Amino acid sequence: MKRLAGKTAIITGGARGMGEATARLFVEHGAQVVIGDVLEAEGSALADELGKNATFVRLDVSSEADWSNAVAAAEKLGTLNVLVNNAAIMRMTAITDTTVADFMQIVQVNQLGTFLGIRSVIAPMKAAGGGSIINISSIDGLHAQAGVSAYSSTKWAVRGLTKTAAIELGQYGIRVNSVHPGGIYTEMGGSAFMTEEQLNESVYKDFPIPRVGRPEEVAYVTLFLATDEATYSTGGEFIADGGWFTGMRRPGMPCS
Ligand code: NAD
């Protein structure tokens, strides 16, 4: 069943990782997809592979001008109904080692980028009679860890922004929800320097689901929110974290 037939989506950070998995799934389900990213070679190659239902645009999510181009590209494909604000960057540093420039760069992409995305699609989605905006936050937008002060701040901000937008836009049929992935096997999730097996053993072995997640496992949550199956969900938080936020088994504690 094509769950997104007739829909047009912009997916930011769509050239690799979870954005790429989402673009693949959306096209498989009948959507027209604009892949927006700063990685031009990867994004163009993916759009070529996906064929006539996908197009790549260079989109730096912190640029207002780039957002105008991305919306125009989507409107060439069809009626813009879906936005996935997925692009983000992360750097792990202690607060004492985080410069203002480091902090602000992460805010620009993760927080301002999400805001600009939401603002850019309001007019076309209103004209279309509604739409779905899915903001990819993180488990770090629900709890906190040492070493990710800037990243975590922006992911909590995305969660708050989601709720404000849901309240403002529900009257126009525009739903806005946040998705909170746990550890997912992408570049950001450690794939450049560890195998899945190494990660499972060193990080995930005491989690309720004792392994790293796959990009598709988050993409399916995003897919649901993009479809008309989710028409009564707005302002919600959808978690795909292998149970990380729930808690974990403790070595030495009784366990079934
Ligand atoms: P990734 O680093 O593999 O991919 C991120 C993509 O965003 C890349 O294609 C990158 O080029 C793009 N990007 C970066 N800056 C951009 C900008 N200014 N404009 C446009 N695109 C830009 O990461 P991922 O793991 O696929 O992450 C996807 C989303 O999931 C992010 O929002 C991330 O914060 C979130 N997330 C990831 C994990 C994880 O463990 N991987 C966990 C929780 C949340």
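Refer to the structure above for everything that follows.
This write-up is about the structure you can find in this document. Only a predicted model underlies this, so the values are computations on that prediction, with no experimental measurement involved.

The next subject is the overall build of the chain. Scanning the chain from N- to C-terminus turns up seven helices and seven strands. For 256 residues, the compact-globule formula gives about 18 Å, and the C-alpha radius of gyration of the chain, at 18 Å, lands near that figure. Residues counted as buried form 48% of the 256 residues belonging to the chain. Carbon and sulfur atoms make up 55% of the accessible area of the chain, which totals about 11900 Å². If the 20 positive side-chain charges of the chain are averaged to one point and the 26 negative ones to another, these points end up 5 Å apart.

In this section: the side chain of Asp241. Here Asp241 shows up in the segment after strand E7 (237-240). For the buried Asp241, no salt bridge exists, and the shortest N-O distance to an oppositely charged side chain is 11 Å, to Arg211. Among the polar contacts made by the side chain of Asp241, one reaches the main-chain amide nitrogen of Gly243 at a distance of 2.8 Å. A polar contact is formed between the side chain of Asp241 and the backbone nitrogen of Phe245, at a distance of 2.6 Å. Dropping the residues within four chain positions of it, Asp241 is found in contact with Ile139, His180, Pro181 and Gly182.

In the vicinity of the ligand lie 28 residues, with Arg16, Asp37, Asn86, Tyr151 and Thr186 positioned nearest. One of the backbone N or O atoms of Ile184 is found 2.9 Å from an oxygen atom in the ligand. Protein contact buries 94% of the 840 Å² of open area that the ligand shows by itself. The residue makeup of the shell around the ligand, split by class, is 14 nonpolar, nine polar and five charged.

This paragraph deals with the side chain of Asp37. Its location among the elements puts Asp37 in strand E2 (residues 32-37). As a buried residue without a salt bridge, Asp37 has its nearest oppositely charged side chain in Arg16, at a separation of 6.6 Å. In this structure the side chain of Asp37 is engaged in a polar contact, spanning 3.3 Å, whose partner is the backbone nitrogen of Gly14. Of note is the side chain of Asp37, whose polar atom sits 3.0 Å from the backbone nitrogen of Leu39.

Thresholds, definitions, all that
- Residues numbered from 1 in each chain as written.
- Predicted model: local features only at pLDDT ≥ 70, side-chain atom pairs only at ≥ 80, totals over all residues.
- Heavy atoms only, no water.
- Helix = DSSP H or I, 4+ residues; strand = E, 2+ residues; numbered from the N terminus.
- Rg over C-alpha atoms; globule rule 2.2 N^0.38 Å.
- Buried < 20%, exposed > 50% of the residue type's maximum accessible area, 1.4 Å probe, protein only.
- Areas by Shrake-Rupley, 256 points an atom, 1.4 Å probe, with all protein chains shown as cover.
- Lys, Arg positive; Asp, Glu negative; His and termini not counted.
- Charge placed at Lys NZ, Arg CZ, Asp CG, Glu CD.
- Salt bridge = Lys/Arg side-chain N within 4 Å of Asp/Glu carboxyl O.
- Polar contact = N/O pair within 3.5 Å; in protein donor to acceptor, adjacent residues only side chain to side chain.
- Contact = heavy atoms within 4.5 Å.
- Near = heavy atom within 4 Å.
- Nonpolar A, V, L, I, M, F, W, Y, C, P; charged D, E, K, R; others polar.

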